[in-house]
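Summary of structural features
Chain by chain, the residues run as shown.
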Amino acid sequence: MPSPRRNVEGRPLGASAANCSSSVPGSPAHGGGGGGRFEFQALLSGRTGADPACARLRASESPVHRRGSFPLAAAGPAPAPPAPPPEDDRMTLNPSFLAIALRSLLAIDLWLSKKLGVCAGESSSWGSARPLMKLLEISGHGVPWLLGTLYCLSRSDSWAGREVLMNLLFALLLDLLLVAAMKGLVRRRRPAHNQMDMFFTLSVDKYSFPSGHTTRAALVSRFILNHLVLAIPLRVLVVLWAFILGLSRVMLGRHNVTDVAFGFFVGYMQYSIVDYFWLSPHNAPFLFVLWNQQ
Ligand SMILES: CC(C)=CCC/C(C)=C/COP(=O)(O)O
């Protein structure tokens, strides 16, 4: 049986070319043979023949290149010893595995989110629970939290209370800003089964990554647990509220699971930022004086 043809770097020609050039007529991979697995990888990684790395690889395998590199190759039978792959080629092969892992995670995410979206419509399997889920949605919406904090701030008559509320207001505004920036940057569409019937949304809320309700729930619950003295059952209730609110986003069909998982992480980290930059009459006296004059 003839041994597979190799390029000057000692790689089998069909395999590496197929990885890149499913659409290059005349290439050894085009039209079959053992290139199927590599075609699949190229499909998953979204590579096309236009990829510069692939173009480089093709160039290294072209007969012209071989002739140029080894002018005496045609004259003598002595095969060149296989050279180790150059650094940048190794770098172009590895990301495809990462891409496959990411795409598999994405596929699982979409599948699981669709399965869990049992309240996405009135006719869904848990459609009757939709009003309850929408009530939960309002409990984590930015408007009631902002208005509620402003109201409490206006009624507060202690410095300590005002300080905590001022920081809660800062936390809520920071959350809105960061989530809007991330949604605008990532631009992941909401799931196809979502009905866009949400109360008071911003333009970036057509995007789903990360879930704003979930970041707020994680941020606010961590804030409350750290700054309010609550009995244990109430503390458990706060954590449960945040968790169920996150789950309800997927059940309503508003989000994919990864939007919510990342939302919890972002909200949790946002509290650390708020804690680090904690506003007090010592480091931000102007805010407290301003508020006192209202
Ligand atoms: C307009 C204000 C103050 C807040 C918008 C709140 C909102 C609609 C967030 C979107 O949350 P999801 O990303 O969880 O759907």
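Residues numbered from 1 in each chain as written. Predicted model: local features only at pLDDT ≥ 70, side-chain atom pairs only at ≥ 80, totals over all residues. Heavy atoms only, no water.

**Considerations on the site of the ligand**
Close to the ligand lie 18 residues, the nearest being Lys183, Arg190, Gly212, His213 and Arg249. Side-chain polar atom of Lys183 to an oxygen atom of the ligand: 2.5 Å apart, as the coordinates give it. Here an oxygen atom of the ligand and a side-chain polar atom of His213 are 2.9 Å apart. In isolation the ligand exposes 440 Å². Once the protein is present, 96% of that is buried. Of all the secondary structure elements, the ones that give two or more residues to the shell around the ligand are helix H7 (142-155), helix H8 (159-186) and helix H9 (212-227). (Near = heavy atom within 4 Å. Polar contact = N/O pair within 3.5 Å; in protein donor to acceptor, adjacent residues only side chain to side chain. Areas by Shrake-Rupley, 256 points an atom, 1.4 Å probe, with all protein chains shown as cover. Helix = DSSP H or I, 4+ residues; strand = E, 2+ residues; numbered from the N terminus.)

**Describing the packing of helix H6 (residues 130-139) against helix H10 (residues 232-251)**
Where H6 contacts H10, the axes come no closer than 9 Å and their chain directions differ by 120°. Our classification of the angle between H6 and H10 gives oblique. Here the hand of the crossing between H6 and H10 comes out left-handed. For the pair formed by H6 and H10, the contact residues are Met133, Leu136, Glu137 and Ser139 on the first element and Trp241, Ile244, Leu245, Ser248, Arg249 and Met251 on the second. Classifying every residue of the contact of H6 with H10 by side-chain character gives six nonpolar, two polar and two charged. (Axes fitted to C-alpha atoms, helices over the stretch in contact; angles between N-to-C directions. Parallel < 35°, antiparallel > 145°, perpendicular 65-115°, else oblique. Left-handed = near helix turned anticlockwise from the far one by under 90°. Contact = heavy atoms within 4.5 Å. Nonpolar A, V, L, I, M, F, W, Y, C, P; charged D, E, K, R; others polar.)

**A closer look at the UniProt feature "transmembrane region" (unreviewed entry) in the protein**
Sites flagged by UniProt as "transmembrane region" (unreviewed entry) map to residues 165-186, 224-248 and 260-279. Secondary structure over residues 224-248 splits into 84% helix and 0% strand, and the C-alpha atoms at its two ends are 21 Å apart. As annotated, residues 260-279 comprises 85% helix and 0% strand, and the C-alpha atoms at either end are separated by 29 Å. (UniProt positions renumbered as here; feature names shortened; annotations may be inferred.)

**A look at the packing of aromatic side chains**
Scanning the entire structure with this criterion turns up eight aromatic pairs. A network of ring pairs unites the aromatic residues Phe209, Phe262 and Phe265 as a single cluster. Taking NZ or CZ as reference, Arg222 lies 3.9 Å from the ring centre of Tyr268, over its face. (Phe/Tyr/Trp six-rings, centres within 6.5 Å; stacked < 30°, edge-to-face > 60°. Lys NZ or Arg CZ within 6 Å of the ring centre and 35° of its normal.)

**Here we look at the side chain of Arg130**
Note that Arg130 resides in helix H6. Contact partners of Arg130, with chain neighbours within four places excluded, come to Cys119, Ala120, Gly121, Glu122, Gln195, Asp197, Leu252 and Arg254.

**Considerations on the environment of Met251**
Structurally, Met251 can be placed in helix H10. The sequence separation of Met251 and Ala120 amounts to 131 residues, and the corresponding C-alpha distance is 6.4 Å. With residues up to four places along the chain from it excluded, the contact list for Met251 reads Leu116, Gly117, Val118, Cys119, Ala120, Trp126 and Met133.

**Some points on a nonpolar patch on the surface**
Residues Ile232, Leu234, Val236, Leu237, Leu240, Phe243, Ile244 and Leu247 make up a contiguous nonpolar surface patch of roughly 740 Å² in combined accessible area. When you line up the elements, Ile232 lands in helix H10. A relative accessible area of 60% means that Ile232 is categorised as exposed. (Patch = residues over 30% accessible without salt bridge, like charges linked within 9 Å, V, L, I, M, F, W, Y side chains within 5 Å. Salt bridge = Lys/Arg side-chain N within 4 Å of Asp/Glu carboxyl O. Buried < 20%, exposed > 50% of the residue type's maximum accessible area, 1.4 Å probe, protein only.)

**Side note on unusual backbone geometry**
For residues other than glycine, phi is negative in most cases, and the peptide bonds are mostly trans. Here the residue pair Phe209 and Pro210 is connected by a cis peptide bond, since its omega of 0° sits within 30 degrees of zero. Along the chain, Pro210 turns up in the loop between H8 and H9. Phi at Arg187 is positive, roughly 55°, even though this residue is not glycine. Note that Arg187 resides in the loop between H8 and H9. Judged by its relative accessible area of 53%, Arg187 falls in the exposed class. Even without a glycine there, the phi angle at Phe200 is positive, about 45°. Inspection of the secondary structure puts Phe200 in the loop between H8 and H9.

**Let's talk about the packing of H9 against H10**
Interhelical geometry of H9 versus H10 gives an angle of 175° and a closest axis separation of 9 Å. On the basis of their axis angle, the class for H9 and H10 is roughly antiparallel. For the pair H9 and H10, contact is made by His213, Thr214, Ala217, Val220, Ser221, Ile224 and Leu225 and by Arg235, Val238, Val239, Trp241, Ala242, Leu245, Gly246 and Arg249, respectively. Its residues assigned to classes, the contact of H9 with H10 comprises nine nonpolar, four polar and two charged.

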